[in-house]
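# Coordinates in review
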Amino acid sequence: MAVFTDPFDALINFQQALDTYRTSSWLDAGLSGGGAFPPLNVFRKGDDFIIIAELPGVKKSDLDVQVKGRTVRLAGEGTVGYPEKAALHRRERRAGRFDRAVTMPIEINPDGVKAEYRDGILALFLPRAESDKPKSIRVA
Amino acid sequence: MVEKQELSVREKKELVAKEEKTIPGRYYIPYADIYETDDALAVVLEMPAVEKKDLKVALENDVLKVDGQIDFTKYKDLEPVYTEYNVGHYARSFTLSNKVDQEKISANLEDGVLTLTLPKAKHAQPRKIAIG
């Protein structure tokens, strides 16, 4: 008997899921500044949102994250260095500054925002402001 | 001095390998810098999200193979709503034109950037010839 595993056991399923949302218009109304560096992925977890960006080679100390109202700003600089007297054979990595501001379609609770940076990945946890959370209405 | 540049978005390059993988899933080609000093060759690869334990580096018959796996189970409870890039494992290989001292290869992974230092074998290092 064939055993089918949890969809998250297969990378391809996850990749296809990510591809699906590349054509999503979810942020067309909300997120401004699309197409700038760094590329972002936005995930939802319950009421809260998580923004993930790949920033290889950027030092934690060179990262600047700001949150105000619905707007999240990511700025920083990536550096690429070579020792003196080195002969360069290949040069594909890029260095430079970036500054991107995105507007989320939710009100963010600025005190609850958490930023984590590990292995070149920046994860921003954006909790939805209490006042912005949908209320369940009891149908009488 | 070169003016500081603004970074721009680059689409990730998918790896097209001769051998297919048994487990489906896309691999990407990590961006690389390669430079050479008098005594070593350095290969610098951008592999964000790859942890040290999921990294494999092998050198066989002058071919350097690097394979980095990402742990996508971290995304398990997250529902994608908007995406601009895809994630995947990384793989790339290089045929080395230098003779390398295999025993002394060192690797350093920092902020998603892998730096491999491949010391050149003694006989491959430049030799100063004194002119008599």
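Our subject is the structure that appears above.
Parameters at a glance
- Residues numbered from 1 in each chain as written.
- Chains lettered and ligands numbered in written order.
- Predicted model: local features only at pLDDT ≥ 70, side-chain atom pairs only at ≥ 80, totals over all residues.
- Heavy atoms only, no water.
- Helix = DSSP H or I, 4+ residues; strand = E, 2+ residues; numbered from the N terminus.
- Rg over C-alpha atoms; globule rule 2.2 N^0.38 Å.
- Pairing = 2+ DSSP bridges.
- Contact = heavy atoms within 4.5 Å.
- Buried area = accessible area lost by both parts, 1.4 Å probe.
- Salt bridge = Lys/Arg side-chain N within 4 Å of Asp/Glu carboxyl O.
- Polar contact = N/O pair within 3.5 Å; in protein donor to acceptor, adjacent residues only side chain to side chain.
- Nonpolar A, V, L, I, M, F, W, Y, C, P; charged D, E, K, R; others polar.

### Regarding the overall build of chain B
Tallying secondary structure elements over chain B gives zero helices and nine strands in all. In chain B, the succession of α and β elements from N to C terminus is β-β-β-β-β-β-β-β-β. Here chain B has a C-alpha radius of gyration of 18 Å; the compact-globule value for 132 residues is 14 Å, and the former is much larger. Taken along the three principal axes of its C-alpha coordinates, chain B extends 75 × 45 × 25 Å.

### With respect to the sheet that holds strand β4 (residues 50-60) of chain B
All names here are of chain B. The mixed open sheet is built from four strands, whose spatial order is β1-β7-β5-β4. The open sheet is flanked by β1 (27-28) and β4, the only strands paired with a single partner. Taken together, the two bridges between β1 and strand β7 (residues 89-95) define a ladder with parallel strand orientation. What sits directly across from Tyr27, in β7, is His89.

### Details of the interface of chain B and chain A
The partner chain A presents 65 residues to the 51 residues of chain B that form the contact. Three residues, Leu7(B), Tyr82(B) and Tyr85(B), lead the burial of chain B against chain A; their summed loss comes to 14% of the area buried on that side. If you look at where chain B meets chain A, you find eight salt bridges. Put simply, Arg118(A) and Glu51(B) hold a salt bridge, and the shortest N to O gap is 4.0 Å. Here chain B is connected to chain A by 30 residue pairs in polar contact (both at pLDDT 80 or more). Tallied by class, the residues present in the side of chain B that touches chain A amount to 25 nonpolar, nine polar and 17 charged.

### Focus on the side chain of Glu84(B)
Residue position: Glu84(B) is located in the loop between β6 (79-83) and β7. Polar side-chain contacts of Glu84(B) include one of 2.8 Å to the side chain of Arg100(A).

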